[in-house]
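Survey of secondary and tertiary structure
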Amino acid sequence: MSNVDPENRNPDFFAAAAPQRAEPQLPANFFRTPEQAPAAGLAPAVAPPVTVTAPPVAAAPPPFEDDAPMAPARFSLPAQTQALLGRLADLLRRRDTPTPFAAGLIAPAGGGKTSALRWLTENLGSSGAPVVALRAGDLAAEPERALAAALYRALSTRYPALANEAAQEGAHMGADAGAYARAAHEKLDALRRKLMQERQNLAQTEARRAALTETLLYDTPGSRVDSYVRRLRGAFEPRLRRFGFSGDSLANFKDLVRDLAETGGLSARLIACSRAVYAFRGQVSLLVYAALCFALNWGAGWLTANKKLWLGAFSYAGSPGAQAGEYVGGHLDWLPTAGQLFALLGLALLGLNLWRAFSFMQPLFHGAGLLDEDVASKRHELDHMLAHQARSVDLIGAETAAFAKQAAEAERRAAAAGASRHPPLFLETDAATQKREFSRGFVECLSGLIARTNPDAPKSIEAPDRLIVTVDGFEAANEPASLFDRLHDLLARPGFVTVYALDPETFGPSRGASLVRRIQLPLRLDAGKSGERPLALTPLDTPLSSSETRIVDALAPLAGGSPRLQKRLRNLFRFLRPAAGAPVGLKAALALFLAADLGASPEDRRSLDGALAAADADFAPKNSPLLQETLAYLKSIEGPIDRDTARRAASLARHVRL
């Protein structure tokens with residue numbers, strides 16, 4: 001994993017811009033009054049007329065204001081700083097701005113870095129570019145993993161194919177092929193064990209659901225049906241014995257409740273209850289006796305109604321029979337009463353049968369209803385559990401199948417790379433190191449997919465032209481300088497644009513050179529003055545004129561002479577270059593102060609400060625032959641430079657001083 005130097009990888013970040021492109025217009029709210037509008041190129045915004053129907057009621061101001069960052073709609077800076085912040089937003093939004101690119105919003109603690117970063121994030125997000133906002137405190141423990149996770153989450157909803165492709169290919173790019181293959185097989189084994197466990201849990205849940213009735217009846221003390229059965233046990237046990245049930249009365253009662261509950265709906269249960277009339281011991285005897293009584297009632301009625309018929313049979317036996325018939329016929333007054341008694345006795349026996357059946361089945365019917373309620377309540381929970389476990393089995397099964405393909409691909413790549421199956425111990429890495437390498441590989445692969453530098457990447461994957469990452473809150477990190485270096489090394493890749501909110505005092509005096517080398521475009525939020533008139537600037541895509549090129553080339557020795565510093569000087573000069581109509585000598589003075597900030601010696605800087613503080617009308621640094629020679633050459637190109645012009649150029653250059 002190599003660290004990429006953005007200064008050596010990319011040309012000037014304005015060089016690729018087309019000359020025909022028009023300058024992006026600054027938002028109207030950059031200028032608070034018409035007098036603060038640029039002198040050339042832009043007209044002040046005029047608000048449309050508004051009809052006021054009623055005076056607004058002024059809300060009482062709070063007694064104190066909190067230290068929270070301002071909302072983007074309320075955030076404002078001095079006019080020149082606000083204009084430069086909008087110019088930075090236009091630069092980051094352009095498709096032709098080379099990447100990697102790192103900008104810094106520089107201010108001391110409480111200077112509005114977070115508010116400016118929020119304004120910039122909202123401004124860039126409204127243009128459709130994906131913006132990932134990060135906090136340094138969240139990245140401090142494991143910067144690589146935290147950064148990769150944040151980028152993946154931000155892209156997975158809008159560019160899922162891009163995020164998944166980078167995650168899969170990045171794992172191969174960020175680790176040893178053999179180590180990744182072994183780790184993939186270990187994870188595959190873990191997934192298969194988890195899948196087997198989930199399938200066993202699913203089978204157990206299905207078995208519990210199938211045996212829910214028996215479980216609630218026999219194995220769940222405290223359920224409603226169990227409490228009802230135990231409460232009724234003393235009163236119901238004699239009935240069970242009378243009906244011929246022996247053994248444990250509680251188990252017998254639960255068996256009967258289960259059988260009744262399994263018959264089905266209400267009509268089926270009523271039909272099942274009718275079996276109690278004849279199915280239990282003693283009930284058939286009562287029915288037989290009742291039938292016999294009804295038969296005797298019918299017989300008594302028949303004898304009463306047909307006395308002549310059957311009494312006449314006695315006459316066939318002669319005079320003794322006739323005498324007997326007369327005797328019997330004279331003593332038949334009890335026969336109707338006997339018939340009525342037999343009828344009443346039959347009804348009583350039938351009623352006793354029905355009462356015994358009702359008194360036996362009513363508790364069973366109620367118990368079956370309670371069992372239905374318990375089953376419905378528990379089945380709802382089991383159905384949800386069953387659906388959840390079935391979904392888990394499907395998801396884990398799909399993940400196992402997909403990861404099996406990845407493990408096979410990892411093994412194929414390891415074999416092609418000649419990786420050893422049993423490497424020496426000093427080549428083994430722990431899990432944390434592997435995940436850190438996978439995270440670096442993800443960021444590197446994501447960079448290749450966005451910048452289209454990977455020829456093997458699928459062409460159908462949709463990807464943005466750049467990914468903007470903002471990082472704030474370095475003050476909350478324990479080692480902000482070290483964290484900044486690690487983040488910059490990760491994000492200094494093609495396709496990434498990074499904006500840092502920085503307080504140089506947090507990094508210490510020894511880290512200034514590192515910030516200068518890594519931040520390509522700093523923007524100081526505390527350099528502007530409230531009420532100053534913003535200076536109109538040249539459009540970003542306007543190429544340098546011949547005189548401007550000569551000015552920049554003449555200041556190369558003062559800036560340091562290295563290719564990086566020369567490119568930095570050209571870039572900063574293009575960002576702050578005044579528009580046509582600027583005072584004579586302003587461009588040359590601006591380039592002079594920019595070059596001095598980049599590479600001038602302390603003596604030359606003191607000479608420039610002394611010339612600015614002098615009361616002379618002309619700007620003339622003393623005690624520095626290099627500055628005097630350079631200034632003479634600049635005057636020959638653009639003309640004389642007075643003290644007020646030099647002060648205005650120095651004020652403008654302070655906006656990009658790191």
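**Quick notes on the pairing of strand β4 (residues 496-502)**
Among the seven residues in β4, seven count as buried, and that is most of the element. Side chains F496, T498, Y500 and L502 of β4 all project onto a buried face; the interleaved residues V497, V499 and A501 project onto the opposite face, where all are buried too. Summarising the sheet, strand β1 (residues 101-106) and β4 pair through six bridges and their orientation is parallel. Considered in β4, the bridge of G104 is made with Y500.

**Description of the pattern of salt bridges**
Applying the stated criterion across every chain, the model contains 24 salt bridges. Salt bridges here are not isolated pairs; linked through shared partners, they connect R94, D96 and D541.

**Overview of a negative patch on the surface**
Taken together, the side chains of D616, D618, D642 and D644 present a region of like negative charge at the surface. Judged by relative accessible area, which is 52%, D644 ranks as exposed.

**Concerning the packing of helix α9 (residues 224-242) against helix α10 (residues 249-261)**
When two helices pack together, their arrangement is given by the angle between their axes and by how far apart the axes lie. Across the interface, α9 lies against α10 with an axial gap of 9 Å and an inter-helix angle of 110 degrees. The angle between α9 and α10 places the two elements in the roughly perpendicular class. Residues V225, D226, Y228, V229, R230, L232, R233, F236, E237 and L240 of α9 pack against S249, L250, N252, F253, K254, L256 and V257 of α10. When its residues are assigned to classes, the contact of α9 with α10 shows ten nonpolar, two polar and five charged.

**Topic: the confidence of the model for the protein chain**
Keep in mind that low pLDDT regions are not for reading the predicted coordinates in detail. On average, residues of the protein chain score 79 in pLDDT, and 81% of them reach the 70 mark or higher. Per-residue pLDDT stays below 50 along residues 16-52; that stretch engages in 53 contacts with residues further than four places along the chain or on separate chains.

**Considerations on unusual backbone geometry**
For residues other than glycine, phi is negative in most cases, and the peptide bonds are mostly trans. Between T99 and P100 the backbone carries a cis peptide bond, its omega angle lying at 5 degrees. Counting through the fold element by element, P100 comes out in the loop between α2 (79-93) and β1. For N623, which is not glycine, the phi torsion reads 60 degrees and is therefore positive. With respect to the element layout, N623 can be found in the loop between α24 (602-613) and α25 (625-638). Here N623 falls in the exposed class, since its relative accessible area comes to 76%.

**A few points about the environment of T99**
When you line up the elements, T99 lands in the loop between α2 and β1. Once the C-alpha coordinates of T99 and R493 are considered, the two residues, 394 residues apart in sequence, prove to be 7.1 Å apart.

**Comments concerning the packing of helix α20 (residues 546-554) against α25**
Running from amino to carboxyl end, α20 crosses α25 at an angle of 180 degrees, the nearest separation of the two axes being 10 Å. In terms of their interaxial angle, α20 and α25 are classed as roughly antiparallel. For the pair formed by α20 and α25, the contact residues are S547, R550, I551 and A554 on the first element and T630, Y633, L634, I637 and E638 on the second. Split by residue class, the contact of α20 with α25 holds five nonpolar, two polar and two charged.

**Considering the sheet that holds strand β5 (residues 521-524)**
Strand order across the open sheet formed by five strands is β2-β3-β4-β1-β5, with parallel pairing between neighbours. Only two strands of the sheet have a single partner each, and these edge strands are β2 (131-135) and β5. The average angle at which neighbouring strand axes cross in this sheet is 15 degrees, direction not considered. With five bridges connecting them, strand β3 (residues 467-472) and β4 associate as parallel partners. Following the sheet pairing, V471 is matched in β4 by Y500. On the sheet, helix α5 (residues 143-156) packs against β2, β3 and β4 and is oriented at approximately 145 degrees with respect to β2.

**A short note on the packing of aromatic side chains**
Following the criterion strictly, the structure yields seven aromatic pairs and no others. When the centroid spacing of 6.2 Å and the interplanar angle of 50 degrees are considered together, the rings of F474 and Y500 count as tilted. One end of the pair, F474, is in the loop between β3 and α17 (480-491); the other, Y500, is in strand β4, and 26 residues separate them in sequence. Here F474 falls in the buried class, since its relative accessible area comes to 1%. Exposure remark for Y500: the relative accessible area of 0% places this residue in the buried category. Ring centres of F593 and F619 lie 5.8 Å apart, and the angle between their planes is 45 degrees; on these two criteria the pair is classed as tilted. Of the two residues, F593 sits in helix α23 (residues 586-599) while F619 sits in the loop between α24 and α25, which places them 26 residues apart along the sequence. Overall, the relative accessible area of 0% leaves F619 in the buried class.

Thresholds applied
Residues numbered from 1 in each chain as written. Predicted model: local features only at pLDDT ≥ 70, side-chain atom pairs only at ≥ 80, totals over all residues. Heavy atoms only, no water. Buried < 20%, exposed > 50% of the residue type's maximum accessible area, 1.4 Å probe, protein only. Helix = DSSP H or I, 4+ residues; strand = E, 2+ residues; numbered from the N terminus. Pairing = 2+ DSSP bridges. Salt bridge = Lys/Arg side-chain N within 4 Å of Asp/Glu carboxyl O. Patch = residues over 30% accessible without salt bridge, like charges linked within 9 Å, V, L, I, M, F, W, Y side chains within 5 Å. Areas by Shrake-Rupley, 256 points an atom, 1.4 Å probe, with all protein chains shown as cover. Lys, Arg positive; Asp, Glu negative; His and termini not counted. Charge placed at Lys NZ, Arg CZ, Asp CG, Glu CD. Axes fitted to C-alpha atoms, helices over the stretch in contact; angles between N-to-C directions. Parallel < 35°, antiparallel > 145°, perpendicular 65-115°, else oblique. Contact = heavy atoms within 4.5 Å. Nonpolar A, V, L, I, M, F, W, Y, C, P; charged D, E, K, R; others polar. pLDDT = per-residue confidence, 0-100. Phe/Tyr/Trp six-rings, centres within 6.5 Å; stacked < 30°, edge-to-face > 60°.

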